[in-house]
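Per-entry structural report
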Amino acid sequence: QLQASGGGLVQAGGSLRLSCAASGRTFSNYAMAWFRQAPGKEREFVAATSWSGGRTYYADVVQGRFTISRDNAKNTVYLQMNSLKPEDTAVYYCAARYRWIAEANAYDFWGQGTQVTVSS
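Residues numbered from 1 in each chain as written. Predicted model: local features only at pLDDT ≥ 70, side-chain atom pairs only at ≥ 80, totals over all residues. Heavy atoms only, no water.

All right, on to the sheet that holds strand β3 (residues 16–22) then. Judged by pairing direction, the sheet is antiparallel, and its four strands sit side by side in the order β1-β3-β8-β7 without closing on themselves. For this open sheet the edge positions go to β1 (2–5) and β7 (66–71), each flanked by a neighbour on one side alone. Taking the axes of each pair of neighbouring strands and ignoring which way they run, one obtains an average angle of 15 degrees across the sheet. Two elements, β3 and strand β8 (residues 76–81), share six bridges in a ladder whose sense is antiparallel. Across the sheet, the residue bridging to Arg17 is Gln80, located in β8. (Pairing = 2+ DSSP bridges. Helix = DSSP H or I, 4+ residues; strand = E, 2+ residues; numbered from the N terminus. Axes fitted to C-alpha atoms, helices over the stretch in contact; angles between N-to-C directions.)

On to empty space enclosed by the protein, then. One pass over the structure, following the stated rule, counts one cavity of 30 Å³ or more. Here the largest cavity is characterised by a volume of approximately 50 Å³. Together, Cys20, Ala22, Phe27, Met32, Arg70, Asn72, Asn75, Thr76 and Val77 line the largest cavity. Elements represented by at least two residues in the lining of the largest cavity include exactly β3 and β8. Residue classes in the lining of the largest cavity are distributed as five nonpolar, three polar and one charged. (1 Å grid on protein atoms, 1.4 Å probe; cavity = no way out; pocket = protein on both sides within 12 Å on 5 of 7 lines; lining within 4 Å. Points joined across faces, edges and corners; volume = space filled by probe spheres on them. Nonpolar A, V, L, I, M, F, W, Y, C, P; charged D, E, K, R; others polar.)

With that out of the way, let us pick up the state of the cysteines. Enumeration according to the criterion identifies one disulfide in this entry. Note that Cys20 is cross-linked by a disulfide to Cys94, the S-S spacing being 2.1 Å. Because the sign of the S-S torsion sets the handedness, a value of about 65 degrees for the bond joining Cys20 and Cys94 places this disulfide among the right-handed ones. Of this pair, Cys20 sits in strand β3 while Cys94 sits in strand β9 (residues 90–97), placing them 74 residues apart in sequence. Among the residues examined, Cys20 registers a relative accessible area of 1% and is labelled buried. (Disulfide = S-S within 2.5 Å. Buried < 20%, exposed > 50% of the residue type's maximum accessible area, 1.4 Å probe, protein only.)

Looking at where Gln80 falls in the secondary structure, it is placed in strand β8. Look at Gln80 and you get partly exposed, because its relative accessible area is 28%. When the C-alpha positions of Gln80 and Ile68 are compared, they lie 6.4 Å apart, and in sequence the two are twelve residues distant. With residues near it in sequence (within four places) discarded, Gln80 still touches Ser15, Leu16, Arg17, Arg65, Phe66 and Thr67. Looking at Gln80, its side chain comes within polar contact range of the side chain of Asn82, at 2.9 Å. (Contact = heavy atoms within 4.5 Å. Polar contact = N/O pair within 3.5 Å; in protein donor to acceptor, adjacent residues only side chain to side chain.)

Structure representation (structure tokens):
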């Protein structure tokens, strides 16, 4: 129901734009979030947006570099990632919940993940 895409290999300082397209149901009434998981680490919160897109939330480590947005008409949420660093390397997942929270276990719907690799 959630399909993440847009990952890839990029050099440090570069940019990527991730997309998460919903199908099968509408998520326009749900908060949408991005999480990431690096090898050997727990899944961590990256960014979230309220159902309207009017409120956004970021982890401190990406604040000022990443921007989350959504287009409810297209049932899609985006994550624009700028000034990428090697430590941003991870599998990125999109998720949906009726209200945003930074706790991954609380989310009801998950995409399959897209790999982001940042080379130094």
